[in-house]
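Spelled out from the first residue to the last, the chains are:
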Amino acid sequence: IFDVKGGEDEGVEWIGKEIVIRGWVRTCRVQSSVTFIEVNDGSCLSNMQCVMSSDAEGYSEVEIADITTGASVLVEGIVVSSQGAKQKVELKVARLNVIGKSDPLAYPIQKKRASREFLRTTAHLRPRTNTFGAVTRVRNALAYATHKFFQENGFVWISSPIITASDCEGAGEQFCVTTLLSKTGDGTECSVSSIPTSVDGTIDWSQDFFGKPAFLTVSGQLNAESYATALSDVYTFGPTFRAENSNTSRHLAEFWMIEPELAFADLNDDMACATAYLQYVVNYVLQNCKEDMEFFDAWIEKGIINRLTDVVEKDFVQLTYSDAVEILCRAKKKFEFPVKWGLDLQSEHERYITEEVYAGQPVIIRDYPKEIKAFYMRLNDDGKTVAAMDLLVPHVGELIGGSQREERLELLESRLDELKLNKDSYWWYLDLRRFGSVPHAGFGLGFERLVQFATGMDNIRDAIPFPRTPGSAEF
Ligand code: 4AD
Ligand code: MG
């Protein structure tokens, strides 16, 4: 369906043309001699208003009662200019086939707006709503723009593994991989009744990945570093997993991450890349998803277009962690969590800085105390902080986390020792420092948080088609 509302000339260039459309009925209004049917095929927000008069060629063949909300239809007709105030053109129906019926009483997506909570219980049908159609198209545009940005800047896309033995963040938030083997395999017998059974009704089960421990990846960074120290600038874009049992509006157990890794680069290069990337993708959706962005501005977050335009046009704020702590200590506001040099910033602190101190502009905080950051971050000359950066935005909080990596072998080894991490399991990662080590840096951006940021959706569960959170993996 071409864009009959938000399009350049709202479909008028199609007037007089015979067309066929296929889609799903949003509403059907039957009047004495004409029937108005709104059809949507997901290609844009607009519905095509199809007008079928009782003297249309194929009218007698149509069971009007079957044209119900949710039914799929094929409609043939001619585009004419519309008398209606809502659109410039409509489809004068010559023939209409109901392809798949939909029982109007049982169909869960009713005309009146359903709550987000309810729609999460109908995740298989929620893409048929305006909101989820728009979120899905903007998510798609952000993914496309991501590849476009990195490809145009000479980065090579790397598929990092989903199953891995390494814990990139060293935080122990990994899901364990287990293997289900048939009786003929060499696993031990399983007595857990909820495990699916094989053809002969029995299951053998071993608690690992073919005899070795393995986990779902929390980040592709370590693998990206291996390729960056061979192909120069690279990036990953794939699913990552965190077994943190947090029920918040910005955490998922399964989320997509974009992780560029820049060779021969320091923290300043990393921050410049993060800024250019974010401005590029935000500008891309403003330019290419106009109708959907106007919908978000009207229904989801008032002023989002202006907010995002500022992101594209204005510089981002940069602060050191020490500056941020000072700002928070001077704040009149009472925080629930204490603020003190050495403690991690909580979301209330991040919110205060981005929303109240800097009124909505992204803020990059750098040079965090080494104790609150991951083992691989490069130690600064002060011996107390590391070359880390977090990019914070209003509503979402931390959108990006990145750092310059410790490229000096001895320092990296002693950091692993300090944190009591098993050096042997990082042998290959240490090799990157043994053979042709270079200064390098990178960051990770949580893709669903970017979708939230660009659409104004409050809850991260509504920024991914099928959210995985504690207790929810139904669809
Ligand atoms: O800050 P994080 O944990 O950093 C890393 O994983 C690094 N290895 C990235 C790198 O330098 N290559 O995660 C990066 C980003 C966060 O800023 C956040 O946007 C997102 O990933 N993120 C989550 N998004 C949704 N649900 C979760 N549970 C998330 N945990 C992190
Ligand atoms: Mg982080």
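Remember, it's a predicted structure, so these values are computed and weren't measured experimentally. Here the residue numbers are simple positions, counted from 1 along each chain's written sequence. Key to labels: chains lettered from A, ligands numbered from 1, both in the order written. Two thresholds apply to this predicted model, a pLDDT of at least 70 for residue-level local features and 80 or more for giving and counting side-chain atom pairs, whereas whole-chain, interface and lining totals are computed over all residues.

A short note on the overall build of the protein chain
- For the protein chain, the helix and strand inventory stands at eleven helices and 18 strands.
- Overall, the C-alpha framework of the protein chain stretches about 85 × 65 × 45 Å when taken along its three principal axes.
- Three exposure classes are used. Buried residues have 20 or more other C-beta atoms within 10 Å of their own C-beta, exposed residues have 12 or fewer, and partly exposed residues fall in between, all C-beta atoms being placed from the backbone. By residue count, 36% of the 475 residues in the protein chain fall in the buried class.
- Whether two residues are in contact is decided by their C-beta atoms, placed from the backbone, lying within 7 Å. Pairs at least 24 residues apart make up 68% of the contacts formed inside the protein chain by residues separated by at least 6 positions. Secondary structure elements are taken from DSSP: a helix is a run of H or I of four residues or more, a strand is a run of E of two residues or more, and numbering for both begins at the N terminus.

Observations concerning the packing of helix H2 (residues 130–152) against helix H4 (residues 267–288)
- Close contact between H2 and H4 brings their axes to 9 Å; oriented N to C, the two are set at 135°. It follows from the interaxial angle that H2 and H4 lie oblique. Classified by chirality, the crossing of H4 by H2 is right-handed. Taking contact as the criterion, the partners of Val138, Ala141, Leu142, Ala145, Thr146 and Phe149 in H2 are, on H4, Tyr277, Tyr280, Val281, Tyr284, Val285 and Asn288.
- Residues are grouped as follows: Ala, Val, Leu, Ile, Met, Phe, Trp, Tyr, Cys and Pro are nonpolar; Asp, Glu, Lys and Arg are charged; every other residue, Gly included, is polar. Looking at the contact of H2 with H4, its residues break down into ten nonpolar, two polar and no charged. Comment: axis = line fitted to C-alpha atoms, over the contacting stretch for helices; angle = value between 0 and 180 degrees taken between N-to-C directions. Roughly parallel covers angles under 35 degrees, roughly antiparallel covers those over 145, roughly perpendicular covers 65 to 115, and oblique covers all other angles. Each crossing is labelled by how the near helix is turned from the far one, with a counterclockwise turn of less than a right angle marking it left-handed and a clockwise turn marking it right-handed.

Describing unusual backbone geometry
- In this structure, Phe264 takes a positive phi of about 55° despite not being glycine.
- Mapped onto the elements of the fold, Phe264 is located in the loop between strand E13 (254–263) and H4.
- Judged by C-beta crowding, with 13 C-beta atoms within 10 Å, Phe264 ranks as partly exposed.
- Despite not being glycine, Lys420 shows a phi value in the positive range, around 55°.
- Residue placement: Lys420 occurs in the loop between helix H9 (409–418) and helix H10 (427–434).

Considering the environment of Arg120
- Secondary-structure assignment places Arg120 in helix H1 (residues 116–120).
- Under the C-beta neighbour-count criterion, Arg120 is labelled partly exposed, with 18 such atoms within 10 Å.
- C-alpha separation for the pair Arg120 and Pro465, spaced 345 residues apart in sequence, amounts to 9.7 Å.

As for helix H7 (residues 321–330)
- Burial in H7 covers these residues: Tyr321, Ala324, Val325 and Leu328. Along the axis of H7, the buried residues cluster in a sector spanning 100°; they form a single face. Here the arc refers to the directions that run from the helix axis out to each C-beta atom.

Looking at the confidence of the model for the protein chain
- Per residue, pLDDT measures the predictor's confidence, with a range of 0 to 100. This prediction gives the protein chain a mean pLDDT of 91; 92% of its residues lie at or above 70.
- Low confidence marks residues 189–196, where pLDDT is under 50. Its contacts with residues over four positions away, or in another chain, come to eight contacts.
- Scored by ipTM, the complex comes to 0.99, with pTM at 0.93.

Some details on the sheet that holds strand E15 (residues 363–369)
- When DSSP finds two or more bridges between two strands, those strands count as paired. Strand order in the open sheet made by the eight strands is E6-E12-E13-E18-E17-E16-E15-E14, with mixed pairing throughout. Each end of this open sheet is capped by a strand with a single partner; those strands are strand E6 (156–157) and strand E14 (317–320).
- In this structure, E15 lies alongside strand E16 (residues 385–393), joined through six bridges in antiparallel fashion. What sits directly across from Tyr368, in E16, is Val386.
- Lying on the sheet, H7 is in contact with E14, E15 and E16; it crosses E15 at an angle near 105°.

Some thoughts on the site of ligand 1
- Here is the check we use: build the C-beta atom from the backbone, and if it is within 6 Å of the molecule or strand, call the residue near. In the vicinity of ligand 1 lie 24 residues, with Ser219, Gln221, Gly401, Gly444 and Gly446 positioned nearest.
- Counting residues per element, the ones that place at least two in the shell around ligand 1 are E13, strand E17 (397–404), strand E18 (440–446) and helix H11 (447–455).
- Of all the elements, E17 adds the most residues to the shell around ligand 1, at six residues.
- Along the lines of polarity and charge, the residues of the shell around ligand 1 split into eight nonpolar, nine polar and seven charged.

Quick notes on the sheet that holds strand E3 (residues 48–53)
- On the basis of which strands lie adjacent, the closed barrel formed by five strands has the order E1-E2-E3-E5-E4 and mixed pairing. Along the sheet, successive strands turn relative to each other by an average axial angle of 55°, direction set aside.
- Pairing of E3 with strand E5 (residues 89–100), which is carried by two bridges, proceeds in the parallel orientation. Bridging from a neighbouring strand, Val51 pairs with Lys92 of E5.

Comments concerning the nonpolar core
- Only buried residues count toward a nonpolar core: Ala, Val, Leu, Ile, Met, Phe, Trp, Tyr and Cys, linked into one set through C-beta atoms within 7 Å. Of all hydrophobic cores here, the largest spans 79 residues; its most connected members are Leu399 and Ala454.
- If we ignore the near neighbours within four places in the chain, the residues touching Ala454 are Val138, Leu142, Val282, Val285 and Leu308.
- If you look at the next biggest cluster of nonpolar residues, it comprises 17 residues, including Ile37, Met48, Met52 and Ala71.

What to know about the packing of H2 against H11
- In contact at an axis separation of 10 Å, H2 and H11 are set at 120° when each is read in the N-to-C sense. Taken together, the axes of H2 and H11 lie oblique to each other. Once H2 is placed against H11, the crossing between them reads as right-handed. Contacts from Val135, Val138, Arg139 and Leu142 of H2 reach H11 at Leu450, Val451, Ala454 and Thr455.
- Split into classes, the residues belonging to the contact of H2 with H11 amount to six nonpolar, one polar and one charged.

Focus: the pairing of E5
- Of the pairings in the sheet, the one linking strand E4 (residues 72–81) to E5 comprises ten bridges and is antiparallel in character. From the neighbouring strand, Val73 faces E5, where its bridge partner is Val98.

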